[in-house]
Amino acid sequence: MKKIVIIDYGLGNLRSVQKGLEHAGAEVLISKDPADIETADGVILPGVGAFSDAMKNIVPFLGSITDYVASGKPVLGICLGMQMLMTSSEEGGLTEGLDLVPGNVVRFPRSELKVPQMGWNSLIIEQDHPFYEGVPNGAFVYFVHSYYVDTDASHTLASCDYGIDFAASVVNSAGNVIGTQFHPEKSGDIGLKMLKNFVNMC
Amino acid sequence: MLTKRIIPCLDVTLDAAGGTVVKGVEFVDLKKAGDPVDLAKRYNEQGADELVFLDITASHEGRSTMIDVIERTADEVFIPLTVGGGINSVEDVRQILRAGADKVSINTAAVKNPVFIREASTIFGSQCIVTAIDCRRNLDVENNQDKTILELEDGTLAWYEVVIYGGREPTGLDTVQWAKKVEELGSGEILLTSMNRDGTYDGFDIPITKKLSEELDIPIIASGGVGNPEHMYKGFVDGKADAGLAASIFHFGEYTVRDVKEALKAKNIPVRLYS
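Residues numbered from 1 in each chain as written. Chains lettered and ligands numbered in written order. Predicted model: local features only at pLDDT ≥ 70, side-chain atom pairs only at ≥ 80, totals over all residues. Heavy atoms only, no water.

By the naming in an unreviewed UniProt entry, chain B is Imidazole glycerol phosphate synthase subunit HisF, taken from Methanococcoides seepicolus. Of chain B, the UniProt comment under Sequence similarities (unreviewed entry) reads exactly: "Belongs to the HisA/HisF family." (UniProt positions renumbered as here; feature names shortened; annotations may be inferred.)

Going by the annotation in an unreviewed UniProt entry, the name recorded for chain A is Imidazole glycerol phosphate synthase subunit HisH, with Methanococcoides seepicolus given as the source organism. Under the Function (unreviewed entry) heading, UniProt states for chain A: "IGPS catalyzes the conversion of PRFAR and glutamine to IGP, AICAR and glutamate. The HisH subunit catalyzes the hydrolysis of glutamine to glutamate and ammonia as part of the synthesis of IGP and AICAR. The resulting ammonia molecule is channeled to the active site of HisF." UniProt, in its Subcellular location (unreviewed entry) section for chain A, records the words "Cytoplasm".

Printed below as a string of structure tokens:
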């Protein structure tokens, strides 16, 4: 059985991510101990709250995450967890991210559209990747966010239209670090399919 | 394109079986409607976009029942869950989110202590703090010139007064002014229920729904009065709501969530049809 570690650095609903992965047949450990990462087959970086607080809370994990990524094993960042993978964010003043995927986190521009984007929007899948195996183009997934990731096409796995086209999902150059701006654990059966794909990558 | 959300609401109260869904007409005359977890699963299968659980007993015993219901639901249903009813402390919010809810809905406690909204949204993020506003039409506009006066369907004028304790207590607060205040305080969404419509099957209260949707930047969930898919359509087109919440029409089998979505899709409203 694949062992997945969900990094617990504070607040939020981790139970759904855990149950979704268990649904996919994985053994799941929610952990505050960086040492647990070493033995994991896959790591989830969840995320709610503010970017700068999350980056402060993740400090004890920094070394282990970097080593883990270098080993080639898969990491999935969800929502704020995906934003944390990037180079920097302008939320709450410019703050450095983990810089595992090049790109920046910026706020949605003022427009008629409401911010946060809250609800179900459709994905345009831009690249083949095991994470999206069996996921149809146009699939609806659940988003809640006020900031979005701005990166280049080579690091964009899927995009989404909310007034502008933004990166709904990112990947590093090696292909083992992926991020979803949406919540797969809250996106019904199609989201569960993605979590299963992630477990299969591990 | 972002879709309009259809949200079934499950009113939950304590009984010997450990939680039963009920739904009332104008918050009284409760009828039993079934086990909450079974209903949650059924609505998920029909393509519900989110679920709302309201603990209408909101007692100490009710809270532990609710935690159990949230946990059992979150273990099987992978769409967003909002929980409301009697939430008045940061610890309440923490407990409910930890059980598997994604958002909490705060109603009376927000009116009694507005700073609570700021406190909760700072700690947990705006995205998980929904302020529920119950309101009732007040036709006394003459003595209430400082309120937001709206024109009703038949041309009469009214302002909308915020009510609390499940509609039992008027507050004197103007709904539009109060909604702007809770947005400033960090609320991420508003769940608007008009007591004049709740449980009536007459459709959403359009004048207040439209006004809030136009005045605020955060999403508005319209609630109260849905009897058929056309009412949802009017809530989105005339009321400009971002989401529509309904209870009775789903619980008692008049329409499935899918029926409502297909009717909306046929009229070019963007919806997520179950895939």
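Still more ground to cover, so stick around.
So what about the pairing of strand S8 (residues 117–122) of chain A? Which residues, and what values?
Residue and element names in this part refer to chain A. When you tally the buried positions in S8, you get six out of six residues, the bulk of the element. Examined bridge by bridge, S8 and strand S10 (residues 140–145) share six bridges and lie antiparallel to one another. The residue of S10 that forms the bridge with Trp120 is Tyr142. (Buried < 20%, exposed > 50% of the residue type's maximum accessible area, 1.4 Å probe, protein only. Helix = DSSP H or I, 4+ residues; strand = E, 2+ residues; numbered from the N terminus. Pairing = 2+ DSSP bridges.)

Please give an account of the state of the cysteines that cites residues and values.
This model, assessed by the stated rule, comprises zero disulfides over all chains. No disulfide involves Cys160 of chain A; its sulfur sits 13 Å from that of Cys79 of chain A, the nearest cysteine. With no disulfide of its own, Cys135 of chain B lies 16 Å from the sulfur of Cys9 of chain B, the closest cysteine sulfur. Overall, the relative accessible area of 0% leaves Cys135 of chain B in the buried class. (Disulfide = S-S within 2.5 Å.)

How would you explain the interface of chain B and chain A if you had to name every residue and give the values?
With 36 residues of chain B at the interface, the matching set in chain A holds 28 residues. Carbon and sulfur atoms make up 55% of the surface buried where chain B meets chain A, a total of about 2700 Å² over both sides. The tally of links between chain B and chain A comes to six salt bridges. Here Lys19 of chain A and Asp75 of chain B are joined by a salt bridge, their closest N and O atoms 4.0 Å apart. If you look at where chain B meets chain A, you find 12 residue pairs in polar contact (both at pLDDT 80 or more). The greatest single-element share of the side of chain B that touches chain A, amounting to three residues, is contributed by helix H3 (residues 90–98) of chain B. Looking at the side of chain B that touches chain A residue by residue, the classes come out as 18 nonpolar, five polar and 13 charged. (Contact = heavy atoms within 4.5 Å. Buried area = accessible area lost by both parts, 1.4 Å probe. Salt bridge = Lys/Arg side-chain N within 4 Å of Asp/Glu carboxyl O. Polar contact = N/O pair within 3.5 Å; in protein donor to acceptor, adjacent residues only side chain to side chain. Nonpolar A, V, L, I, M, F, W, Y, C, P; charged D, E, K, R; others polar.)

Describe the packing of helix H6 (residues 175–184) of chain B against helix H7 (residues 206–215) of chain B, naming the residues involved and giving the relevant values.
Residues and elements named next belong to chain B. Relative to each other, H6 and H7 sit at 35 degrees, their axes nearing to 10 Å. Where H6 crosses over H7, the two elements pack in a sense that is right-handed. Residues Thr175, Val176, Ala179 and Lys180 of H6 lie in contact with H7, whose contacting residues are Ile208, Lys211, Leu212 and Glu215. Residues belonging to the contact of H6 with H7 are distributed by class as follows: four nonpolar, one polar and three charged. (Axes fitted to C-alpha atoms, helices over the stretch in contact; angles between N-to-C directions. Left-handed = near helix turned anticlockwise from the far one by under 90°.)

Tell me about the packing of aromatic side chains, and name the residues and values.
Residues and elements named next belong to chain A. Per the stated rule, a full pass over the model turns up nine aromatic pairs over all chains. Here Phe131 and Tyr132 contribute two aromatic rings whose centre-to-centre distance is 5.1 Å and whose plane-to-plane angle is 85 degrees, an arrangement assigned as edge-to-face. Comparing Phe131 with Tyr132, the two get one shared label, buried. Relative to Phe182, the ring of Phe143 lies with its centre 5.8 Å away and its plane at 70 degrees, an arrangement referred to as edge-to-face. Taken as a pair, Phe143 in strand S10 and Phe182 in the loop between strand S14 (177–180) and helix H5 (188–201) lie far apart in primary sequence, 39 residues in all. (Phe/Tyr/Trp six-rings, centres within 6.5 Å; stacked < 30°, edge-to-face > 60°.)

How would you summarise the pattern of salt bridges if you had to cite specific residues and measurements?
Residues and elements named next belong to chain B. Evaluation of the coordinates by the stated rule reveals 26 salt bridges over all chains. Between Arg94 and Glu91 there is a salt bridge, with its nearest N and O atoms 3.5 Å apart. Here the residue Arg94 and the residue Glu91 both occupy positions in helix H3, the gap between them amounting to three residues, near one helical turn. With a shortest N-O distance of 3.2 Å, Glu215 and Lys211 are connected by a salt bridge.

Run through the nonpolar core, naming residues and quoting values.
Of all hydrophobic cores here, the largest spans 76 residues; its most connected members are Leu51, Ile106, Ile190, Leu212 and Met232 of chain B. The element best represented in this core is helix H2 (residues 60–74) of chain B, accounting for five residues. Among all residues touching Leu212 of chain B, those that are not within four sequence positions of it are Thr175, Val176, Ala179, Ile190, Leu192 and Ile220 of chain B. Counting 40 residues, the second-largest nonpolar core is a separate cluster that includes Ala24, Ile44, Ala139 and Phe143 of chain A. (Core = buried A, V, L, I, M, F, W, Y, C linked by side-chain atoms within 4.5 Å.)

Summarise the side chain of Glu185 of chain A; cite the residues concerned and give the values.
Residue placement: Glu185 of chain A occurs in the loop between S14 and H5. An unpaired buried charge is present at Glu185 of chain A: no salt bridge exists, and Lys186 of chain A, the closest side chain of opposite charge, is 6.8 Å distant. A distance of 2.8 Å separates polar atoms of two side chains, one belonging to Glu185 of chain A and the other to His183 of chain A. Beyond its immediate chain neighbours, meaning those up to four positions away, Glu185 of chain A contacts Ser16, Val17, Ile78 and Leu195 of chain A together with Phe78 of chain B. (Lys, Arg positive; Asp, Glu negative; His and termini not counted.)

Could you give me a rundown of the pairing of strand S1 (residues 3–7) of chain A, with the residues and numbers involved?
All names here are of chain A. Of all five residues in S1, five are buried, a share of seventy percent or more. Side chains Lys3, Val5 and Ile7 project from S1 onto one buried face, and the interleaved Ile4 and Ile6 project onto a second face that is buried too. Pairing analysis gives five bridges linking S1 to strand S2 (residues 27–31), with the strands arranged parallel. Bridge assignment links Val5 to a residue of S2, and that residue is Leu29. Across three bridges, the pairing between S1 and strand S3 (residues 42–45) is parallel. Within S3, the position partnered with Ile6 by the bridge is Ile44.

Describe the packing of helix H8 (residues 229–237) of chain B against helix H10 (residues 257–266) of chain B, naming the residues involved and giving the relevant values.
Packed helices, taken two at a time, are described by the angle between their axes plus the distance between the axes. All names here are of chain B. The N-to-C vectors of H8 and H10 enclose an angle of 55 degrees; their axes lie 9 Å apart at closest approach. Accordingly, the angle class assigned to the pair H8 and H10 is oblique. Read as a crossing pair, H8 and H10 show a hand that is right-handed. Taking contact as the criterion, the partners of Pro229, Met232, Tyr233 and Phe236 in H8 are, on H10, Val260, Ala263 and Leu264. Across the contact of H8 with H10, the residue classes break down as seven nonpolar, no polar and no charged. (Parallel < 35°, antiparallel > 145°, perpendicular 65-115°, else oblique.)

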